[in-house]
Amino acid sequence: MNDVNPLFKNLPDSLPISPLAVLILITVLVGASMSFYTIPAESEGIVLRFGEYIEKVPSGLHAKLPFGVDSVITVPTQRQQKLEFGFATAGFTNPDQISDEPALEKSMVTGDLNSALVEWIVQYRITDPEKYLFVVRDPGVTLRDISEAVMREVVGDRTVDEIITIGRQEIEETVLARARLLAERYQLGVSINQVQLKNVNPPEPVQPSFNEVNRAQQDRENVINLANGEYNKAVPRARGEADQKVRAAEGYRFKRINEAEGDVTAFNQVLEQYLKAPEVTRTRIYLETMGEVLPQASQQIIVDDTVQQILPMLPFPGQAAGVVK
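These numbers come from a predicted model, not from an experiment.

### With respect to the nonpolar core
Turning to step 1, where the next piece is worked out: Of all hydrophobic cores here, the largest spans 35 residues; its most connected members are Trp120, Tyr124, Met151, Val190 and Ile192.
Turning to step 2, where the next piece is worked out: Secondary structure elements with two or more residues in this core: strand 2 (44–49), strand 6 (81–85), strand 8 (115–126), helix 4 (139–155), helix 5 (160–164), helix 6 (168–185) and strand 9 (190–201).

Take a look at the structure:
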């Protein structure tokens, strides 16, 4: 203690700190910690001052008045959210995603007074957080009610066969268009992107009978498709063969016509020469005919009743021997 600086010898052992200074220090530290907040990357922040809307801020670090003067509501505007009807997926984060009574929610009556169990999904995104928070009370519940009401209306206009088989895409498109119209009319501040039917089944007590009917219909369709396949193979082949025969007949017809016209032309030319010189033409025709016939003749034996002996004729070259009387 002897080494203590003489300047500090006259100081008291402890400095007096007033409770007010401590309170002010704590207040400043708490206020500083409450003056900054962070908005996640896929969200936007709605700033309220004493409960009144002030501004909308993007994602990132921001400052606000502490001690409840300013409050911030985080709205996931860039996140694709979904509503599930008739079933529930585990691990959901959206409180409006599932219903408390999914079994009652999916039970519907079709247009032909049959019962069906319809499960579907509505995918949406919050596009206007101001309307989503301040125009309609419980916008998520309202969107669920709109989607269920539209789906029941559309299902009630169709038969159970359409809902289960061929009408699924049309139902999705119709529900999507009507739900978008109602969401815009109620100013929910959301954009409905897709409506997707999941499982559409008849009630459990009649499922075996319904499955038998479906199998019978599928067998019927298969038989029809096989018959159409055979028809599509046989009919074109028969048409091709008929067309081929028709074309062959037309070709033969044109051939015969051309040959006949050629014969007529040749005959007219001969007739014209014959009329000019009958004897000469007759002799020429005779000689030309004999010139065509005699080379094909074999050995000939000519017998004349007035001649006592047989007149032999030598065979023409390249002809086999034969006898003609």
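### Considerations on the environment of Val195
Turning to step 1, where the next piece is worked out: By the secondary structure assignment, Val195 is in strand 9.
Turning to step 2, where the next piece is worked out: Each C-alpha atom, one on Val195 and one on Ile171, is 9.0 Å from the other, the two residues being 24 residues apart in sequence.
Turning to step 3, where the next piece is worked out: Those residues in contact with Val195, other than ones at most four positions away along the chain, are Trp120, Ile121, Val122, Met151, Glu172, Val175 and Leu176.

### Considering the pairing of strand 2
Turning to step 1, where the next piece is worked out: Note: strand 2 against strand 5 (residues 70–75), 6 bridges, orientation antiparallel. In the sheet register, Glu44 faces strand 5, and the bridge partner there is Val75.
Turning to step 2, where the next piece is worked out: When strand 2 meets strand 3 (residues 52–57), the two strands line up antiparallel, connected through 5 bridges. From the neighbouring strand, Val47 faces strand 3, where its bridge partner is Glu55.
Turning to step 3, where the next piece is worked out: The antiparallel pairing of strand 2 with strand 3 creates a hairpin that spans 2 residues between the two strands, and Phe50 there sits at a positive phi of about 55°.

### Remarks on the side chain of Lys64
Turning to step 1, where the next piece is worked out: Locating Lys64 in the fold gives a position in the loop between strand 4 (60–63) and strand 5.
Turning to step 2, where the next piece is worked out: The side chain of Lys64 sits in the buried core without any salt bridge; Asp70 is the nearest counter-charge, 6.9 Å away.
Turning to step 3, where the next piece is worked out: One polar contact links the side chain of Lys64 to the main-chain carbonyl oxygen of Met34, over a distance of 3.0 Å.
Turning to step 4, where the next piece is worked out: Setting aside its immediate chain neighbours within four residues, Lys64 contacts Met34, Ser35, Tyr37, Asp70 and Val72.

### Here we look at unusual backbone geometry
Turning to step 1, where the next piece is worked out: Despite not being glycine, Phe67 shows a phi value in the positive range, around 60°.
Turning to step 2, where the next piece is worked out: As for its position among the elements, Phe67 is in the loop between strand 4 and strand 5.
Turning to step 3, where the next piece is worked out: The exposure class assigned to Phe67 is partly exposed, which follows from its relative accessible area of 48%.

### Thoughts on the sheet that holds strand 3
Turning to step 1, where the next piece is worked out: Taken in spatial order, the 3 strands of this open sheet run 3-2-5, and their pairing is antiparallel. The open sheet is flanked by strand 3 and strand 5, the only strands paired with a single partner. Within this sheet the neighbouring strands show an average axis-to-axis angle of 25°, counted without direction.

### Regarding the pattern of salt bridges
Turning to step 1, where the next piece is worked out: Taken as a whole and assessed by the stated rule, the structure comprises 17 salt bridges.
Turning to step 2, where the next piece is worked out: One salt bridge connects Arg144 with Glu105, and the closest N-O pair in it is separated by 2.8 Å. Of this pair, Arg144 sits in helix 4 while Glu105 sits in helix 2 (residues 102–106), and the two are 39 residues apart along the sequence.
Turning to step 3, where the next piece is worked out: For Arg144, a relative accessible area of 8% translates into the label buried.
Turning to step 4, where the next piece is worked out: We classify Glu105 as buried; its relative accessible area is 6%.
Turning to step 5, where the next piece is worked out: Between Arg220 and Glu221 there is a salt bridge, and its shortest N-O distance comes to 3.3 Å.

### Remarks on the UniProt feature "transmembrane region" (unreviewed entry) in the protein chain
Turning to step 1, where the next piece is worked out: With numbering aligned to this structure, UniProt lists the feature "transmembrane region" (unreviewed entry) at residues 20–39.
Turning to step 2, where the next piece is worked out: A distance of 35 Å separates the end C-alpha atoms of residues 20–39, which is 75% helix and 20% strand.

### Some words on the packing of aromatic side chains
Turning to step 1, where the next piece is worked out: Taken as a whole and assessed by the stated rule, the structure comprises 2 aromatic pairs.
Turning to step 2, where the next piece is worked out: Relative to Trp120, the ring of Phe85 lies with its centre 4.4 Å away and its plane at 0°, an arrangement referred to as stacked. Here Phe85, found in strand 6, pairs with Trp120, found in strand 8; they are 35 residues apart in sequence, far enough to count as distant. Across the pair, exposure class does not vary: Phe85 and Trp120 are buried alike.
Turning to step 3, where the next piece is worked out: For the cation-ring pair, Arg253 lies above Phe254, with the distance from its terminal atom to the ring centre recorded as 4.9 Å.

### Things to note about helix 7 (residues 207–276)
Turning to step 1, where the next piece is worked out: Between the first and last C-alpha of helix 7 there are 102 Å, a value that for 70 residues agrees with the 104 Å anticipated at 1.5 Å per step.
Turning to step 2, where the next piece is worked out: Listed in full, the buried residues belonging to helix 7 are Phe210, Asn214 and Val235.
Turning to step 3, where the next piece is worked out: Contacts made by the buried residues of helix 7 are with helix 5.

Reading the values: the criteria
Residues numbered from 1 in each chain as written. Predicted model: local features only at pLDDT ≥ 70, side-chain atom pairs only at ≥ 80, totals over all residues. Heavy atoms only, no water. Core = buried A, V, L, I, M, F, W, Y, C linked by side-chain atoms within 4.5 Å. Buried < 20%, exposed > 50% of the residue type's maximum accessible area, 1.4 Å probe, protein only. Helix = DSSP H or I, 4+ residues; strand = E, 2+ residues; numbered from the N terminus. Contact = heavy atoms within 4.5 Å. Pairing = 2+ DSSP bridges. Lys, Arg positive; Asp, Glu negative; His and termini not counted. Salt bridge = Lys/Arg side-chain N within 4 Å of Asp/Glu carboxyl O. Polar contact = N/O pair within 3.5 Å; in protein donor to acceptor, adjacent residues only side chain to side chain. Axes fitted to C-alpha atoms, helices over the stretch in contact; angles between N-to-C directions. UniProt positions renumbered as here; feature names shortened; annotations may be inferred. Phe/Tyr/Trp six-rings, centres within 6.5 Å; stacked < 30°, edge-to-face > 60°. Lys NZ or Arg CZ within 6 Å of the ring centre and 35° of its normal. Expected span 1.5 Å × (residues − 1).

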